Amino acid sequence: MVAVLGAGAVSGIALNRGEPINALWFITAALCIYAIGYRFYAAWIAATVLMVDETRATPAERLENGSDFVPTNRWIVFGHHFAAIAGPGPLVGPTLAAQFGYLPGTLWILFGAVLGGCVQDMVTLFLSTRRDAKSLGQMARDELGALGGTAALIATFVIMIILIAVLGLVVVNAMKHSPWATFTVSATIPIAMIVGVYMRYIRVGQVLEASALGVILLLLAVAGGRVIDESATLRVLFDHEGLTLAWWVMAYGFAAAILPVWLLLAPRDYLSTYMKLGTITLLAVAIILLQPDVKMPAVTQFIDGTGPIFGGKLFPFVFITIACGAISGFHALIASGTTPKLLTNERDIRMIGYGGMLLESFVAIMAMIAATVLDPGVFFAINSSAGVVGKEAVDAVAKISSWGYPVTVEQMQVLAQQMGEATLFARTGGAPSLAVGMASIFGSAFGESMLALWYHFAIMFEAIFILTTLDAGTRVGRFMLQDILGNKWEAMGRTSWLPSVIVTSAVVVSAWGYFLYIGVIDPNGGVNILWPLFGIANQMLAAIALCVATGILVKSAKGKYAFITGAPLLWLIIITSTASWQKLTSDDVRIGFLAAANDLSAKLAAGLLPPDKAAVAPKLIFNFQLDAVLTLFFVSLLWLIVFDMVRVCVRYLMGKPVPVLTEVPHSFTRLAEEWVRD
Amino acid sequence: MLQAIKIVWQAIRQLSGDDAYERYLRHHAEHHADESEPLSKQAFFKKWQDEKWQGVKRCC
């Protein structure tokens, strides 16, 4: 029944041509595919391949200490796990990938998740659970060798840097010359501090009370932005160029990394988690109530690589652009180390690992719907940078209309006015178009008159957890750097030694700040460069996780089942290698980093650039070259780990010694069958 | 109905960490009652928050 409905919905989406298709079909197709994947594939993997053992005590039970190792009810673990893995990634990626039409992205989100991402999360969770909740890096070192472990550590650090830069750029683009958005986003900082002080001193540990206060203040900040926007004297205070905002974001990141956790990071995380869960639920309800039509064609002409949002053909770039939502290496860091410390029983691994990722994939589907319910002309007008379609509104609409997606200047002006913005042209980064999509869905479902409020609510919702990722990421980067430096110089390793804190935080902030700065001064918007780089890095981390998993499966004499992680691994190797190859060698200046660098230097030398572009050209040229080096580094690291894994597997199959399995021996659980800790 | 609301409320409290101190006291009473005095609410909350924010806890 589910299978028939699912097959019908998928073929409905896939075969529909030329006429609008209802978003409800997307939801139906997604839910059916998830149900089949969860009921059959995941159950088979859990029972036959992993052989989860419900009589076996988990690390949470064996090592219980009342603080981080705590056996916890499975729904609670699911909530923690989902809140940890779901960030802004699944919202931004599908929005950008919608330039290919709705079909390629949707299919990859569905099948990538069911066959790849969910399997990665579940298997990693299982392996870490069997190894005292060890981290991915530790498992890579123990099971494959020192190379794997070091690679995982470096990969994590570099991904963090690129991720923060690209997310910072998304926020900056959303706030650029928008006093309303800038006010609302800035207000989230003092609000978080108020909540932090409340929890720490006024009503100690009353997390829910403090959060309720914070949520109310946030909603007031959204409404208050309108007052700022309408006041001629106040609006100039919040009306800034991208570059100014970028400096502020960097200053904020630095402050957040050195301020105590309780003051900013922890309260901000509470608020962003509630906002995230609440808004996503609201969006699902609104889509089901409203059943909007998807106006984007199934496939656009941009699959040939000429897309305005980012250059590159459908293969491999749709698979790079949508990482989170289909398969995300970052999840392996949460599934190892963090979540296993709470897991009460191994039988819940399927629900938490596989199920958690299914829900994230569903979030990505909703982002895809929100992007594709817009008129394609409007979608491209918001997301195409001035460098591609021209600075003047008239040029932009003419160019976009010439692609076959009609849009007019008046239409964009009316829309901008409805959303309470000065303009919506060239608002790259994905956040503004997602916010317009969400606002129109919310507006139609819950009241048209509040479009501007909904728009800024959506911007605030994205910004608040982007900033959370930004400060949490800077902090993690700081700890990693202190850890590495601590090996050479003991004092630097002390996480509370102030000089070390300041130096390492500054290093981390300048690393991502550099990419953010270049992104802001780039006339093509920057996201087109940074996002693919982030995608490649994230897929590389996924490949490391899948290598560890495949290696362990082979070493556990389960070689015949190694395809469950081996097949997604092979696919990731193909797409990351192809994408990296094209990024390095393509002659197309919109794809190849080196081609772009050479083209720009030639133009600069010939004096073809207008003065404002000539001024930034040397920086852009250097950045293109740096990006090329980074890409080469990523892909070399990937191949190194793959060879290491293959080497270990071949040695095992030939009967030669390999690093021994570090699985902890079986001990019986003493927790009763229906035991629930509450 | 009342039972259902109670369960949901418990889940929300546990997910957010609202009841973390109560759980800690219970754990302490069960396992370490004879070894040491439990931490004060303030001290526990500080420790809990600091621990919760070590390492990679949020994703993209």
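Residues numbered from 1 in each chain as written. Chains lettered and ligands numbered in written order. Predicted model: local features only at pLDDT ≥ 70, side-chain atom pairs only at ≥ 80, totals over all residues.

Moving on, we come to the overall build of chain A. The helix and strand tally for chain A stands at 27 helices and two strands. Over its C-alpha trace chain A gives a radius of gyration of 24 Å, about what one expects of a compact globule, namely 26 Å for 678 residues. C-alpha extents for chain A along the principal axes are approximately 70 × 60 × 60 Å. Across the 678 residues in chain A, those meeting the buried criterion constitute 58%. Long-range contacts, defined here as pairs at least 24 residues apart, represent 81% of the contacts in chain A between residues at least 6 apart. (Helix = DSSP H or I, 4+ residues; strand = E, 2+ residues; numbered from the N terminus. Rg over C-alpha atoms; globule rule 2.2 N^0.38 Å. Buried ≥ 20, exposed ≤ 12 C-beta atoms within 10 Å, placed from the backbone. Contact = placed C-beta atoms within 7 Å.)

The next subject is the overall build of chain B. Assigned secondary structure in chain B consists of three helices and zero strands. For chain B, the α and β elements follow one another from N to C terminus as α-α-α. A globule of 60 residues ought to have a C-alpha radius of gyration of about 10 Å, yet chain B, at 15 Å, is considerably larger. Taking all 60 residues of chain B together, the buried fraction comes to 23%.

Judged by nonpolar contacts, the single largest core of 245 residues is most densely connected at Ile-162, Val-166, Val-171, Ala-381, Leu-530 and Ile-544 of chain A. The leading source of residues in this core is helix H24 (residues 527-555) of chain A, at 21 residues. Tyr-24, Phe-44, Phe-45 and Trp-48 of chain B belong to the second largest nonpolar core, which has six residues in total. (Core = buried A, V, L, I, M, F, W, Y, C linked by C-beta atoms within 7 Å.)

In low-pLDDT segments, the atomic positions of the prediction should not be examined closely. Residues and elements named next belong to chain B. With 100% of its residues at a pLDDT of 70 or more, chain B shows a mean pLDDT of 85. Looking at the elements of chain B, mean pLDDT is at its lowest for helix H3 (residues 41-52), recorded as 85, and at its highest for helix H1 (residues 2-16), recorded as 90. The ipTM value of the predicted complex is 0.90, and its pTM value is 0.93. (pLDDT = per-residue confidence, 0-100.)

Turning our eyes to something else, we now look at unusual backbone geometry. Residues and elements named next belong to chain A. Residue Pro-316 is reached from Phe-315 by a cis peptide bond, and omega for that bond is 5 degrees. Even without a glycine there, the phi angle at Ala-133 is positive, about 60 degrees. Here Ala-133 lies in the loop between helix H6 (102-129) and helix H7 (136-143). Under the C-beta neighbour-count criterion, Ala-133 is labelled buried, with 23 such atoms within 10 Å. One non-glycine residue, Ala-426, lies in the positive phi region at around 55 degrees. The residue Ala-426 is located in the loop between helix H20 (409-418) and helix H21 (431-446) in this model.

Taken together, the contact between chain A and chain B spans 37 residues of the former and 27 residues of the latter. Within the residue set of the side of chain A that touches chain B, elements represented by two or more residues are helix H4 (74-85), helix H10 (207-230), helix H13 (265-290), helix H15 (331-335) and helix H22 (451-488) of chain A. At six residues, the largest contribution of residues to the side of chain A that touches chain B is made by H4 of chain A.

Residue and element names in this part refer to chain A. For helix H27 (residues 611-653), which comprises 43 residues, the first-to-last C-alpha distance of 63 Å matches the rise-based estimate of 63 Å (1.5 Å per residue) to within 8%. Of all the bends in H27, the greatest, near 45 degrees, is centred on Ala-617, and the proline Pro-618 appears no more than four residues after it. Phi turns positive one or two residues past the end of H27, at Gly-655, with a value near 80 degrees. (Expected span 1.5 Å × (residues − 1). Bend = angle between axes of the 7 residues up to and from the residue.)

Residues and elements named next belong to chain A. One can describe the packing of helix H26 (residues 593-606) onto H27 by two numbers: an axis separation of 8 Å at closest approach and a directional angle of 160 degrees. It follows from the interaxial angle that H26 and H27 lie roughly antiparallel. As for how H26 packs across H27, the hand of that crossing is left-handed. The segment H26 lies against H27, with Phe-593, Leu-594, Ala-596, Ala-597, Leu-600, Ser-601 and Leu-604 engaging Ala-614, Ala-617, Leu-620, Ile-621, Phe-624, Gln-625, Asp-627, Ala-628 and Thr-631. Considering only residue class, the contact of H26 with H27 consists of twelve nonpolar, three polar and one charged. (Axes fitted to C-alpha atoms, helices over the stretch in contact; angles between N-to-C directions. Parallel < 35°, antiparallel > 145°, perpendicular 65-115°, else oblique. Left-handed = near helix turned anticlockwise from the far one by under 90°. Nonpolar A, V, L, I, M, F, W, Y, C, P; charged D, E, K, R; others polar.)

A word on the packing of helix H25 (residues 563-585) of chain A against H27 of chain A. All names here are of chain A. Their axes nearest at 10 Å, the elements H25 and H27 cross at an angle of 150 degrees. Put simply, H25 runs roughly antiparallel to H27. Here H25 runs over H27; the crossing is left-handed. Facing H25, whose interface residues are Ile-573, Thr-576, Ser-577, Ser-580, Lys-583 and Leu-584, H27 presents Ala-628, Thr-631, Leu-632, Phe-634, Val-635, Leu-638 and Val-642. Its residues assigned to classes, the contact of H25 with H27 comprises eight nonpolar, four polar and one charged.

This paragraph deals with the environment of Pro-179 of chain A. Residue and element names in this part refer to chain A. Tracing the sequence through the fold places Pro-179 in helix H9 (residues 179-202). Linking Pro-179 and Ala-256, residues 77 residues apart in sequence, is a C-alpha distance of 23 Å. Setting aside residues up to four positions removed in sequence, Pro-179 forms contacts with Ile-228, Asp-229, Arg-235, Phe-238 and Asp-239.

Attention now goes to the environment of Gln-625 of chain A. Residue and element names in this part refer to chain A. Structurally, the position occupied by Gln-625 is in helix H27. Judged by local crowding, Gln-625 falls into the partly exposed class, with 16 C-beta atoms found within 10 Å. Considering only alpha carbons, one finds Gln-625 and Met-438, 187 residues apart in sequence, at a separation of 37 Å.

Once that is clear, we can look at the environment of Glu-230 of chain A. Looking at where Glu-230 of chain A falls in the secondary structure, it is placed in helix H10. Taking the C-alpha atoms as reference, Glu-230 of chain A lies 66 Å from Phe-668 of chain A; in sequence the two are 438 residues apart.

Looking now at the confidence of the model for chain A. Residue and element names in this part refer to chain A. In this model, chain A carries a mean pLDDT of 92, and residues with pLDDT of at least 70 account for 98%. Element-level pLDDT for chain A is lowest in helix H1 (residues 2-15), with a mean of 74, against a maximum mean of 97 in H6. Here residues 674-678 is modelled with pLDDT under 50, and outside its nearest four sequence neighbours on either side it reaches six contacts, counting other chains as well.

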